[in-house]
Amino acid sequence: MTAAITAADPMVPRVARVLRRRRNGPQVFTLDVEPEDPAPAFAPGQFSMLTAFGVGEAPISASGDPAEPGRLVYTIRAVGPVSSALTRLGPGDLLGLRGPFGMGWPMVEAPGRDVVIVAGGLGLAPLRPALYRLLAERARYGKIVLLYGARGPADILFRNEIESWRRRLDIDIAVTVDHAPPDWRGHVGVVTRLIARADFDPLHAVALVCGPEVMMRFAIAGLGEAGLADDAIYLSMERNMKCAVVFCGHCQFGTVFVCRDGPVFRYDRVRSLLAVKEI
Amino acid sequence: MSPTDSTQHAVVTPEGLQALFEALKRRNYRVIGPILRDGAIIFDDIASVGDLPKGWTDEQDGGHYRLHRRDDGALFGYAVGPHSWKKFLLPATQRLWSAERTEHGVAITPEPRPSERFAFIGVRACDLNAIAIQDRVLIGGAQADLRYQSRRQGAFIVALNCGVAGGTCFCASMHTGPKASGGYDLVLTELVDDGEHRFVVGVGSEGGGTVLAELPHRSAASEEVAAAEAVVAHTLANMGRAMYSDDVHDLLLRNLDHPRWDEVAARCLTCGNCTLVCPTCFCTTVEESSDLDGSRTARSQRWDSCFTMDFSYIHGGSVRATARSRYRQWMTHKLATWWDQFGTTGCVGCGRCITWCPVGIDITEEVAAIRGSEPS
Ligand SMILES: Cc1cc2nc3c(=O)[nH]c(=O)nc-3n(C[C@H](O)[C@H](O)[C@H](O)COP(=O)(O)OP(=O)(O)OC[C@H]3O[C@@H](n4cnc5c(N)ncnc54)[C@H](O)[C@@H]3O)c2cc1C
Ligand code: SF4
Ligand code: SF4
C-alpha cells in the first residue's frame, strides 16, 4: 500500500514514536510523540485519536505547545484498557495517531479581551496549548486569569510550569484542591468558588472552561453571575467517540457532533442541549 | 426520467428481465435482489428471474410479518423485508486496516478498497432515499468513508415503483415514495393485472440506457405508461400508515421531556432491532484484534446501536443510561436532529422498524401521541 492511500483514508492512523514519558500524578502521564511522517499543525483545543496497537483507540487532546512543530504532546489519565495501555508506552515505543480533529479554543476572538481560564482536573491538559499561545502573544490580550482545581495537591498537573507562570507578573493564577493534607497552604474547595474573587472585566472577557461536566455547569453558572455573557463562554465537551470524522455516530450531542462541531463549543450554542438530561 | 415524464419508456417481459440480469453479469456486476428465505423476503445474490419470490406477498403490522401466496405471478408483489441495501454498501463488519511489527517499527496496511460492483434489483423509492441519505452522511462531509464510496460508486441501481403498499409503509407522508424520483440507472413498474405480465422501464442514466438497448424490448404504448402510473397511484392510496412530518423536527425538540418517552420506555426492550433493520442507521464501532504474540494487529468496524449502554459510555458511566433516553435519542435523531446534522430527514418511512420491533413500537404512533398531548 502506498503512503498516499494511507494518508487519504481518514480511518487509518499514521505511526508515531514516543520520545519521552513523564508522570504528572496518580495514573496521569504525559507522552511526547513524533510522527513518522510530519503531522499537520494543531490548534489549541483540538484532539487526536491515539491507538495502542492491539488494544484500541481513544480521543486525547493535544496538551503541548502549538508553536513547537514536529512534536506532539498528550496528557493521559489511565482509566481503562486503551488509556492504560497508552500510559505504559515509553521512549521508542510506537503508537498510532490520527488527527488533529475538531474545533478548538477561540484564539481569534480573544485578542483585546481579558481571558479567564477555568480548569478542573485533567481539563487543564487541553487548555495548556491555549495558555502557551496566550503567553507567547501576551501583548495581544488583556488580563489573563487561570483558575485551576485539582482533587488534592498530588493531582496538580504541570506543577513546575504553573510555578514558573506564577513568577511572571502578567497572569493571575489561583489553584485550589478539594481535599487538603495539613501541610497545604493554598485554597481548599471547588474551583468554581474562585470565580467570584477573580479580577477581570466581565464585559470585555472570554472564558475557556474544561473539566468534568458537573464542574463545567457550576463554572458556567459562576461566570454568568460574575457578569459574563453566554456567548463569551467556551467549554470543551467529552462524549464517546469511535471515529472522530462523523462516521460512527457515537459523539452526537443532540443537534451537533462533538468531533465535528466541537469539542469546544460556545456556550450559547449548546445551552439548550445542556439543559436536557441524558441527551 | 421516470415512466411518465419520459418519451422513451420501454416495455420488457420477464424474459427481458432475465436478459437484464445476464447483461449485468457480463459486465461483472454481482446481481443482488429479493429472494425468499426462512419465511421472509430478503436481499441476496440472484442467478435468474426464477430466484425472485414469484407469486408471494407479505402481511406487515407492528411486530408482525407473514408471507402469503398471491393469486398472480407477480415478481415484486410485496413490500420491503428486514434487509436493506446498507447490508452491501456498509457491511455489518469490515476490516479497516492491519498492522505488523517489523524490524524497523510498525507497518500499517489499509484494507484495499473493495472492488466488488453490485447491481441492485428492485430498489424501492424509500430505499433510494435511504441510500441518498447514507451518501450524505458517509461521503457528503469533509471526510469520506472510502470503502462505502467505492461500493457506492460502482453500483448499478434498478429501481422499482411499488405495486403494493406494506401495512407499515408511510413513505407518502415522508415525501419519499412510492414512486422513484431519481438516483437509479433503470426503473421498473410491474404490470401484472391485464393478462400480459410485463414491466414498463424508465431510464435514469446513460449506463442504464446502454444496458436497456441490449435487452429485448419495445417502446411503451401510452396506455402502458398510464397503467404504470395507475399502479403507483394505487399504492399511494393504500399506504399502511401515515405520519404528519412537516413539523416533526420542532415538535420533538420542544418535547424532549414529554411523559410519552416514559411510556414508550416501559415497552421498549432496547434490543436494537429497529437500528439494525433501518436503512439509514449508520452508527458503527471499532474492534481490535491481535495474534497471540501481538506482532500482527487489526482494526475492524461493525454496526453498532444507540440502544446499547456502551454506545454512550464515557469514563464513569453511560450518558444515556435509561431506556427512555435511548429511545428518545433514536427517534429524535431519525426525525429531528438529523436535519440539523446533515440537512435531511433520517427516516424514509419504510416501516421496517415497526414491523421488526418485537413489541410493535410504532414510530408513527409515537409521533402522533406526542402531537396529541403536548403540554401547553
Ligand atoms: C475530545 C476528547 C478529548 C479527550 N482528551 C483526553 C485527554 O487529553 N486525556 C485523557 O486522559 N482523556 C481524554 N479524553 C477521554 C478519553 O478519551 C477516555 O478516557 C478514553 O477513551 C477511555 O478509554 P479506555 O479504554 O482507556 O477506558 P474505559 O473508560 O474503561 O473504556 C471502556 C470502553 O469505553 C470506551 N470509552 C470510554 N470513554 C470513551 C470516549 N470518550 N470515547 C470513546 N470511547 C470511550 C472505550 O472504547 C472502551 O472500550 C478525551 C475524550 C474526548 C472525547
Ligand atoms: S426509522 Fe423506521 S420507518 Fe424510518 S427509515 Fe428507519 S426503519 Fe424505516
Ligand atoms: S423500539 Fe422496538 S426494536 Fe427498537 S429497541 Fe425498542 S423494542 Fe427493540
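Residue and element names in this part refer to chain B. Along its sequence, chain B is organised into domain 1 (9–94 + 107–236) and domain 2 (248–373). Put simply, the middle of domain 1 and the middle of domain 2, counted by C-alpha atoms, are 26 Å apart. Each partner contributes to the interface: domain 1 provides 35 residues, whereas domain 2 provides 31 residues. When residues of domain 1 are sorted by the area they lose upon contact with domain 2, Lys86, Ile133 and Phe170 head the list and together hold 22% of the total. Where domain 1 touches domain 2, the interface holds one salt bridge.

This next bit is on the sheet that holds strand β8 (residues 118–124) of chain B. Residues and elements named next belong to chain B. Reading across the sheet, the eight strands line up as β3-β2-β8-β9-β10-β11-β1-β12 and stay open at both edges, with mixed pairing between neighbours. Each edge of the open sheet carries a strand with a single partner, namely β3 (40–45) and β12 (218–219). Bridge count between strand β2 (residues 30–37) and β8: three bridges; the pairing is parallel. Residue pairing for β8: Val31 is matched across the bridge by Ala119. Lying over the sheet, helix α6 (residues 206–213) contacts β1 (10–12), β9 (156–161), β10 (186–191) and β11 (198–203), oriented at roughly 140 degrees with respect to β11.

Attention shifts here to the pattern of salt bridges. One pass over the full model with this rule turns up 46 salt bridges over all chains. Between A:Arg271 and A:Asp230 there is a salt bridge whose closest N-O contact spans 2.2 Å. Of the two residues, A:Arg271 sits in helix α7 (residues 267–274) while A:Asp230 sits in the loop between α5 (213–225) and β12 (233–236), which places them 41 residues apart along the sequence. A residue is classified by how much of its surface remains accessible, and A:Arg271, at 37% relative accessible area, is partly exposed. For B:Glu288, the salt bridge goes to B:Arg299, with nearest N and O atoms at 2.9 Å. Highlighted residues: B:Glu288 in strand β13 (residues 284–290) and B:Arg299 in strand β14 (residues 296–303), separated in sequence by 11 residues.

Definitions and cut-offs
- Residues numbered from 1 in each chain as written.
- Chains lettered and ligands numbered in written order.
- Predicted model: local features only at pLDDT ≥ 70, side-chain atom pairs only at ≥ 80, totals over all residues.
- Heavy atoms only, no water.
- Domains from an automatic or database assignment.
- Contact = heavy atoms within 4.5 Å.
- Buried area = accessible area lost by both parts, 1.4 Å probe.
- Salt bridge = Lys/Arg side-chain N within 4 Å of Asp/Glu carboxyl O.
- Pairing = 2+ DSSP bridges.
- Helix = DSSP H or I, 4+ residues; strand = E, 2+ residues; numbered from the N terminus.
- Axes fitted to C-alpha atoms, helices over the stretch in contact; angles between N-to-C directions.
- Buried < 20%, exposed > 50% of the residue type's maximum accessible area, 1.4 Å probe, protein only.

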